[in-house]
Amino acid sequence: GAHRRKDGSLLQVSISARVISYEGDGRVQSFVRDITERKRAEEENKILNAQLQQAQKMEAIGTLAGGIAHDFNNLLGAIIGYSEIIHDDLPPGSPDTHSIKQVLKASHRAKDLVKQILAFSRQAEGLKIPMEPAGIVKETIALLRSSLPTTITIEQRIDPDAGMVLADPTQMHQIVMNLATNALHAMEVKGDTLTISLQKTILGQNDL
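Values in this document were obtained by computation on a predicted structure and should not be read as measured data.

Novice: I'm lost on the overall build of the protein in this one. Help?
Specialist: Counting secondary structure elements, the protein contains 4 helices and 7 strands. For the protein, the succession of helices and strands along the chain, N to C, is β-β-β-α-α-β-α-β-β-α-β. Here the analysis covers contacts within the protein between residues at least 6 apart in sequence; of these, 64% occur between residues at least 24 apart. Entry remark: accessible area of the protein is about 15,200 Å², with carbon and sulfur atoms responsible for 55%.

Spelled out as structure tokens, the structure:
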């Protein structure tokens, strides 16, 4: 249990007792041991074990993600290869040219996402570069439009003067795509308008 020292600080103690005979009478003899350091060491060991288990779990997830990413990368290579063959075989002015270009663009973006998974499996950080988010958002909207049902429209409000940010373009694309896809799933039955806006915002200390 916890006991308080004379100076007011707390210490962890272990108390044991036994009955002894003293001058013909039964007395209780007790022993109080300071086990503060032992308790502290036990708590530190618990924390270290928890951190080790978490590290092992992350390593296992990373290994699994890396294996899946490599397999997926091979599939994407086949998709891109055959798509390029189809693109080259199309006659000039074919209406299918735009569609196959969208397949290629989406496939190359998927390869970039695979790189992110592989980076995670290696515990590496993504590459952050100065970039204009407006371009990524517009590209994502173009990819989304090609697969939308007629009941859903996209309204974009992109500020051309939004400026530059330091970010990973692949991660930025993934964020916009995930947000938009979640919104589209919510309105796919009845249909609606998805509004995507981008504008410069001044953040205060409380927003960080």
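Novice: Explain the pattern of salt bridges here, please?
Specialist: Pairing between side chains of opposite charge can happen when the charged atoms of each approach one another. Under the counting rule described, the total for this entry stands at 2 salt bridges. Two residues, Arg109 and Glu139, come together in a salt bridge whose shortest N-O distance is 3.1 Å. Placement of Arg109 in helix H2 (residues 96–121) and of Glu139 in helix H3 (residues 133–145) is noted, with a sequence separation of 30 residues between them. Notably, a salt bridge pairs Glu155 with Arg157, separated by 2.9 Å at the nearest N-O pair.

Novice: Explain H3 here, please?
Specialist: In a regular helix each residue adds 1.5 Å, so 13 residues correspond to 18 Å; H3 covers 18 Å between its end C-alpha atoms and thus fits that length. Those residues of H3 not exposed but buried are Pro133, Ala134, Ile136, Val137, Thr140, Ile141, Leu143 and Leu144.

Novice: Explain helix H4 (residues 169–187) here, please?
Specialist: Compared with the 27 Å implied by 1.5 Å per residue over 19 residues, the 27 Å span of H4 between its first and last C-alpha is a close match. By the burial criterion, the buried members of H4 are Thr170, His173, Val176, Ala180, Leu184 and Met187. In an axial view of H4, the angular spread of the buried residues amounts to 130°, which keeps them on one side of the axis. Exposed side chains of H4 directed beyond 90 degrees from the buried face belong to Leu179, Asn182 and Ala186.

Criteria and cut-off values
Residues numbered from 1 in each chain as written. Predicted model: local features only at pLDDT ≥ 70, side-chain atom pairs only at ≥ 80, totals over all residues. Heavy atoms only, no water. Helix = DSSP H or I, 4+ residues; strand = E, 2+ residues; numbered from the N terminus. Contact = heavy atoms within 4.5 Å. Areas by Shrake-Rupley, 256 points an atom, 1.4 Å probe, with all protein chains shown as cover. Salt bridge = Lys/Arg side-chain N within 4 Å of Asp/Glu carboxyl O. Expected span 1.5 Å × (residues − 1). Buried < 20%, exposed > 50% of the residue type's maximum accessible area, 1.4 Å probe, protein only. Arc of directions from axis to C-beta.

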